[in-house]
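Analysis of the macromolecular model
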Amino acid sequence: MQRRHVAAALAALVLASFASLFIGVGDLTPGDVLDPDAAQARVLWTSRVPRLLAILLAGSAMAVAGLVMMHLTRNRFVSPQTAGTTEWVGLGIVVATLWLGGTSVLGKMAIGMLFALVGNGFFVWLLQRLVLTDIVVVPLVGILLGGVVSAATTFLAYRFDLLQSMDAWVNGDFSGVLAGRYELLWLVLAATVVAYLWADRFSVAGMGESFAVNLGVAYTRVVLVGLAIASIVTAIVVVSVGSIPFLGLVVPNLVTLAMGDNLRRVLPVTALTGAAFVLICDVLARTIRYPYEVPVGMVGGVVGGVLFVWLLLRARRRAL
Amino acid sequence: MIEIESVTKSYGDVRVLDDVSLTIPTGGITSLVGANGAGKSTLLSVAARLVPADGGRVRVDGMDVATAPGPVLARRLGVLRQENAMSVRLTVRELVAFGRFPHSGGRLTAEDHRLVDEAMAWFELGPLADRHLDQLSGGQRQRAYVAMVMCQGTDHVLLDEPLNNLDMRHAVQMMRMLRGMADELGRTVVLVVHDVNVASCYSDRIVAMREGRLVAEGPTAELMTPELLRKVFDVEVEVHELAGRRIGVPWS
């Protein structure tokens, strides 16, 4: 994929982003942007623009988090959604709400991050101790782990009457994004930038420990930093807008399939594609039952699920 | 120069390296030979700080490999293990370019690009430069890995079974390349080789191991004797002089 392809994709994303501003129940057309009345300006600046920014930030960061996790575990099917990371964040949110008085968003995020870190660390620790040769078994272990954690979360939520609010992070949804309620999402941009600065280190770590040591890269430190980035991004996104299934899994896979695994080259494209994926899913979510909305997590689940099955079949075929 | 001092290493109850002391002088090719499980690969891995020793220490150019900073050591010593199952899809050029990582940290200079091209030319990888590793044969991939280590530009190059997967032509070519690296570029090359005749034909020094211990070390000609080979490999070997080379023939 050449530079001009990337430029074309970027241009398409910008155009689509702009167009998405005019999809919604409130009456707003491109012409109104130049000269909006008070109501239109309010729709634009408190709802549409924040929503678009949230989509782009969450989409790009989650895709990059998936890319990093995939490299560090050396398995294409490991992502925040298949390693149990999102489920750990969910457990963290419930624990924060119940016992730590963490009703503030920031408190939930902090506890969510902590749980995600522990969960990711545990997953990697487990992988290093299990002898797993099959590429598909590794994410299955993660999904299993996520299932157990999510069962514990559901149990707690059921006991303490939190099932209603649980839906908020299980099902990603941008309809609640308003100015003043999404700004913490900007933190994921910082995490993505750090991931880009360390792209070469993640590439080297992905080659395996002995290659990394040979090239003078502190393997363990790089793995820890990568897991921290993935945990932080996942926690922020899940607390802010909820989980978008398959995003961190399907997008990095599609991009690396086309472009190879050199992270410095692939990471920016992954970020763009992740943003585009979520934007498309959200526009679908807004238009399928217009004027009502379905959660973007649901659309992402369907679109991503189909792509995931395709990837799995492809991996099987290549392995034979 | 690589100084190995009383290195021991055990895996569980099995002692793989038992008080090994050895000095590998600067320059030339040194081959580690021995039967399966003699500890050659483990010794190489310990020397290259890929595996920590239980006791003793290894110094490269006077630096203790266990404590020297990783990036500093990565500019002095390059290593390639025997098993290199790599799931990462990189092109040959990208892989070889990562050999420059210890020097340029990913931002390649013009000089780095020149060295990458040079390393690929050495191993005849030019036509494969833009192919992904998973599209190559085992032998082509092996050449790409060795080219990466060469591109690292280290004074010490440690290779575990570099002839893995190579057919006859490429095996000979690889050994010539390694000879060239030693003779023309002045690198110190240390190999683990299972074929004693490859060691005999291409190396300056041989280090013979058995059951985790050093049996003998010295100039190749002195070590290629029926007595020593029997001691190391536990099989009768005739040694014949052929075109100025000593060839061991075990099938008698």
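Predicted model, so just to flag it, every value in this text is computed and none were measured.

**So, the pattern of salt bridges**
When their charged atoms lie close together, side chains carrying opposite charge are able to pair. If you walk through the whole model with that rule in mind, you get 25 salt bridges over all chains. Measuring nitrogen to oxygen at the nearest pair gives 2.7 Å for the salt bridge that ties Asp261(A) to Arg76(A). Taken as a pair, Asp261(A) in the loop between helix 12 (247-259) and helix 13 (263-287) and Arg76(A) in the loop between helix 3 (38-72) and helix 4 (85-99) lie far apart in primary sequence, 185 residues in all. Residue Asp261(A) is classed as buried on the basis of its relative accessible area, which comes to 2%. Among the salt bridges present, the one from Glu5(B) reaches Arg57(B), with a minimum N-O distance of 3.7 Å. With Glu5(B) in strand 1 (residues 2-11) and Arg57(B) in strand 4 (residues 55-60), this residue pair connects regions lying 52 residues apart in the sequence. Connected through shared salt-bridge partners, Arg51(A), Asp282(A), Arg286(A) and Glu293(A) make up one network.

**Digging into the UniProt feature "domain: ABC transporter" (unreviewed entry) in chain B**
Per the UniProt annotation, the sites labelled "domain: ABC transporter" (unreviewed entry) are residues 2-236 of chain B. Helix makes up 37% of residues 2-236 of chain B and strand 27%, and the two end C-alpha atoms of the span are 32 Å apart.

**Points about the packing of helix 8 (residues 186-197) of chain A against helix 11 (residues 219-240) of chain A**
Residues and elements named next belong to chain A. Between helix 8 and helix 11, the least distance of the axes is 9 Å, while the angle of their chain directions is 160°. Taken as axis vectors, helix 8 and helix 11 run roughly antiparallel relative to one another. Where helix 8 crosses over helix 11, the two elements pack in a sense that is left-handed. For the pair helix 8 and helix 11, contact is made by Leu187, Val188, Ala191, Val194 and Ala195 and by Ile229, Val233, Ile236 and Val237, respectively. The class makeup of the residues in the contact of helix 8 with helix 11 is 9 nonpolar, no polar and no charged.

**Structural notes on the interface of chain A and chain B**
One frequently used descriptor of interface size is the decrease in accessible area upon assembly of the parts. Facing the 24 residues of chain A at the interface are 32 residues of chain B. Around 2200 Å² of area is buried between chain A and chain B when both sides are counted, 57% of it from carbon and sulfur atoms. Where chain A packs against chain B, one counts 1 salt bridge. One can count 8 residue pairs in polar contact (both at pLDDT 80 or more) joining chain A with chain B. Sorting the residues of the side of chain A that touches chain B by element identifies helix 9 (199-206), helix 10 (209-214), helix 12 and helix 13 of chain A as the ones contributing at least two each. With 5 residues, the single largest contributor to the side of chain A that touches chain B is helix 9 of chain A.

**What to know about the side chain of Ser45(B)**
Residue and element names in this part refer to chain B. Turning to its location among the elements, Ser45 is positioned in helix 1 (residues 40-47). Accessibility expressed as a relative area gives 6% for Ser45, which makes it buried. Beyond its immediate chain neighbours, meaning those up to four positions away, Ser45 contacts Leu50, Val51 and Arg81.

**Considerations on the packing of aromatic side chains**
Across all of its chains, the model carries 7 aromatic pairs over all chains by this definition. Relative to Phe202(A), the ring of Trp198(A) has its centre 6.3 Å away and its plane inclined at 45°; by these criteria the two rings are tilted. Under the relative-accessibility criterion, Phe202(A) is labelled buried at 0%. Here Phe211(A) and Tyr145(B) contribute two aromatic rings whose centre-to-centre distance is 5.5 Å and whose plane-to-plane angle is 55°, an arrangement assigned as tilted. Remark: Tyr145(B) occurs in helix 6 (residues 138-151) and Phe211(A) occurs in helix 10; the pair is interchain, linking two chains. The pair Phe211(A) / Tyr145(B) is uniform in exposure class, with both members buried. Here a set of aromatic residues connected by ring pairs shows up, and it is made of Phe77(A), Phe246(A) and Phe308(A). Residue placement shows Arg201(A) over the ring face of Trp198(A); its charged tip is 4.5 Å from the ring centre. When the ring centre of Tyr196(A) is taken as reference, the NZ or CZ atom of Arg264(A) above it lies at 6.0 Å.

**Remarks on unusual backbone geometry**
In this structure, the amide linkage connecting Tyr290(A) to the following residue, Pro291(A), adopts the cis form with an omega of 5°. In this structure, Pro291(A) sits in the loop between helix 13 and helix 14 (296-319). With a phi angle near 50°, Arg49(B) is a residue other than glycine that sits in the positive phi range. Within the element layout of this structure, Arg49(B) appears in the loop between helix 1 and strand 4. The buried category is assigned to Arg49(B), whose relative accessible area is 14%. One non-glycine residue, Asp234(B), lies in positive phi territory at about 65°. Following the sequence through the fold, Asp234(B) ends up in the loop between helix 10 (226-233) and strand 11 (238-242).

**Quick look at the sheet that holds strand 6 (residues 77-80) of chain B**
All names here are of chain B. Taken together, 6 strands build an open sheet; the order of strands is 6-7-8-3-9-10 and the sheet is mixed. Lying at the two open borders of the sheet, with one neighbouring strand each, are strand 6 and strand 10 (213-219). Averaged over all adjacent pairs, the angle separating strand axes in this sheet is 15°, with direction ignored. Contacts from helix 10 reach strand 3 (28-34), strand 9 (205-210) and strand 10, with the element oriented near 40° to strand 9.

**Quick word on a nonpolar patch on the surface**
Taken together, the side chains of Trp186(A), Leu189(A), Val193(A), Tyr196(A) and Leu197(A) define a hydrophobic patch exposed on the protein surface, amounting to about 460 Å² of accessible area. Its place among the elements puts Leu197(A) in helix 8.

**Side note on helix 5 (residues 110-122) of chain B**
Residues and elements named next belong to chain B. End to end, helix 5 covers 18 Å across 13 residues, agreeing with the expected 18 Å (1.5 Å per residue, within 8%). Among the residues making up helix 5, those that are buried are Asp112, Leu115, Val116, Ala119, Met120 and Trp122. The buried residues of helix 5 all sit within an arc of 160° when viewed along its axis, so they share a single face. Looking at helix 5, the residues exposed on the side facing more than 90 degrees away from the buried face are Ala110 and Ala121. Next to the buried residues of helix 5 lie helix 3 (92-98), helix 4 (101-104), helix 6 and helix 7 (168-183).

**What about the sheet that holds strand 2 (residues 14-24) of chain B?**
All names here are of chain B. Spatial ordering of the open sheet is given by 2-1-4-5, a layout of 4 strands whose pairing is antiparallel. Each of the sheet's edge strands pairs with one partner strand only, and the pair in question is strand 2 and strand 5 (63-64). The sheet contact formed by strand 4 and strand 5 spans 2 bridges and is antiparallel. Looking at the pairing, Val60 lines up with Met63 of strand 5. Relative to strand 2, helix 1 is tilted by about 60°, and along the sheet it contacts strand 1, strand 2 and strand 4.

Analysis parameters
- Residues numbered from 1 in each chain as written.
- Chains lettered and ligands numbered in written order.
- Predicted model: local features only at pLDDT ≥ 70, side-chain atom pairs only at ≥ 80, totals over all residues.
- Heavy atoms only, no water.
- Salt bridge = Lys/Arg side-chain N within 4 Å of Asp/Glu carboxyl O.
- Helix = DSSP H or I, 4+ residues; strand = E, 2+ residues; numbered from the N terminus.
- Buried < 20%, exposed > 50% of the residue type's maximum accessible area, 1.4 Å probe, protein only.
- UniProt positions renumbered as here; feature names shortened; annotations may be inferred.
- Axes fitted to C-alpha atoms, helices over the stretch in contact; angles between N-to-C directions.
- Parallel < 35°, antiparallel > 145°, perpendicular 65-115°, else oblique.
- Left-handed = near helix turned anticlockwise from the far one by under 90°.
- Contact = heavy atoms within 4.5 Å.
- Nonpolar A, V, L, I, M, F, W, Y, C, P; charged D, E, K, R; others polar.
- Buried area = accessible area lost by both parts, 1.4 Å probe.
- Polar contact = N/O pair within 3.5 Å; in protein donor to acceptor, adjacent residues only side chain to side chain.
- Phe/Tyr/Trp six-rings, centres within 6.5 Å; stacked < 30°, edge-to-face > 60°.
- Lys NZ or Arg CZ within 6 Å of the ring centre and 35° of its normal.
- Pairing = 2+ DSSP bridges.
- Patch = residues over 30% accessible without salt bridge, like charges linked within 9 Å, V, L, I, M, F, W, Y side chains within 5 Å.
- Areas by Shrake-Rupley, 256 points an atom, 1.4 Å probe, with all protein chains shown as cover.
- Expected span 1.5 Å × (residues − 1).
- Arc of directions from axis to C-beta.

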